[in-house]
Amino acid sequence: KVKKVLLGKAEHYYVKAQVGLFVIENQELNVGDRILISGPTTGEQEITISELFVNGKPCETAKEGDQVTFEIPFRIRLSDKLYKILG
């Protein structure tokens with residue numbers, strides 16, 4: 001079992017750009033973090049954040065309430081949740 005903490009949820013997926021938009025609801029997200037995107041259709045997908053955009057600007061850290069976008073090689077849905085993998 002993977003130790004993980006809920007960060008936020010998916011808001012939108014830009015198909016042509018392959019970019020996902022998430023809203024951070026608790027904790028924070030940093031460049032280099034391993035994350036898990038989980039949902040009924042998507043399943044469980046793990047990726048490592050290589051670059052982050054907070055409110056449209058390149059950034060190292062996203063805090064609560066921020067709108068975050070980053071590249072995702074697969075499609076996400078609105079029901080998907082964003083987790084940070086611990087340890």
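Each residue is numbered by its place in its chain's sequence as written, counting from 1. Residues qualify for local features only when their pLDDT is at least 70, as the model is predicted, and side-chain atom pairs are given and counted only at 80 or more; totals for whole chains, interfaces and linings, by contrast, use all residues. Side-chain metrics rest on all non-hydrogen atoms present in the structure, leaving aside hydrogens and water.

Trainee: Describe the overall build of the chain, naming the residues involved and giving the relevant values.
Mentor: Looking only at helices and strands, the chain features zero helices and ten strands. Reading the helices (α) and strands (β) of the chain from amino to carboxyl end gives β-β-β-β-β-β-β-β-β-β. Principal-axis analysis of the C-alpha atoms places the extent of the chain at approximately 35 × 30 × 20 Å. The buried label goes to any residue with under 20% of its type's maximum accessible area, the exposed label to any with over 50%, and the partly exposed label to all in between, with areas taken from a 1.4 Å probe on protein chains only. In the chain, buried positions account for 41% of the 87 residues. Total accessible area computed for the chain in this model is approximately 5200 Å², and 49% of it derives from carbon and sulfur atoms. Only four residue types enter the charge count, namely Lys and Arg as positive and Asp and Glu as negative; His and the chain termini do not. Just so you know, the charge point we use is NZ for Lys, CZ for Arg, CG for Asp and CD for Glu. Averaging the positions of the 12 positive and the 12 negative side-chain charges in the chain gives two centres separated by 5 Å. Per the convention used, a helix needs a DSSP run of H or I reaching at least four residues, while a strand needs a run of E reaching at least two, with both numbered from the N terminus. Computed by Shrake-Rupley with a 1.4 Å probe, the accessible areas treat only the displayed protein chains as cover when residues are assessed.

Trainee: Explain the pattern of salt bridges to me, using residue names and the numbers behind them.
Mentor: Side-chain pairing between opposite charges can occur once the charged atoms of the two side chains come close. Salt bridges are counted wherever a side-chain nitrogen of Lys or Arg sits within 4 Å of a carboxyl oxygen of Asp or Glu. In this structure the tally under the stated criterion is three salt bridges. The salt bridge involving Lys-9 is made with Glu-25; its shortest N-O contact spans 2.9 Å. Note that Lys-9 is positioned in strand β1 (residues 4–14) and Glu-25 in the loop between β2 (19–24) and β3 (29–30), a separation of 16 residues in sequence. Assessed through its relative accessible area of 38%, Glu-25 is described here as partly exposed. Salt-bridge contacts for Asp-33 lead to Lys-84; the nearest nitrogen and oxygen are separated by 3.6 Å. With Asp-33 in the loop between β3 and β4 (34–39) and Lys-84 in strand β10 (residues 81–85), the pair connects residues that are 51 residues apart, well separated along the chain.

Trainee: Summarise the sheet that holds β2; cite the residues concerned and give the values.
Mentor: One open sheet accounts for eight strands, arranged β5-β4-β10-β1-β2-β9-β6-β7; its pairing is antiparallel. Bordering the open sheet on either side are β5 (43–48) and β7 (57–59), each of which pairs with just one other strand. The mean inter-strand angle of the sheet, taken between neighbouring strand axes irrespective of direction, is 35 degrees. In this scheme, strands are said to pair when DSSP sees at least two bridges between them. Bridge count for β2 against strand β9 (residues 67–71) is five bridges, and the pairing is antiparallel. Directly across from Val-19, in β9, lies its bridge partner Glu-71. Fitted lines through C-alpha atoms give the axes, limited to the stretch in contact for helices. The angle between two N-to-C directions lies from 0 to 180 degrees.

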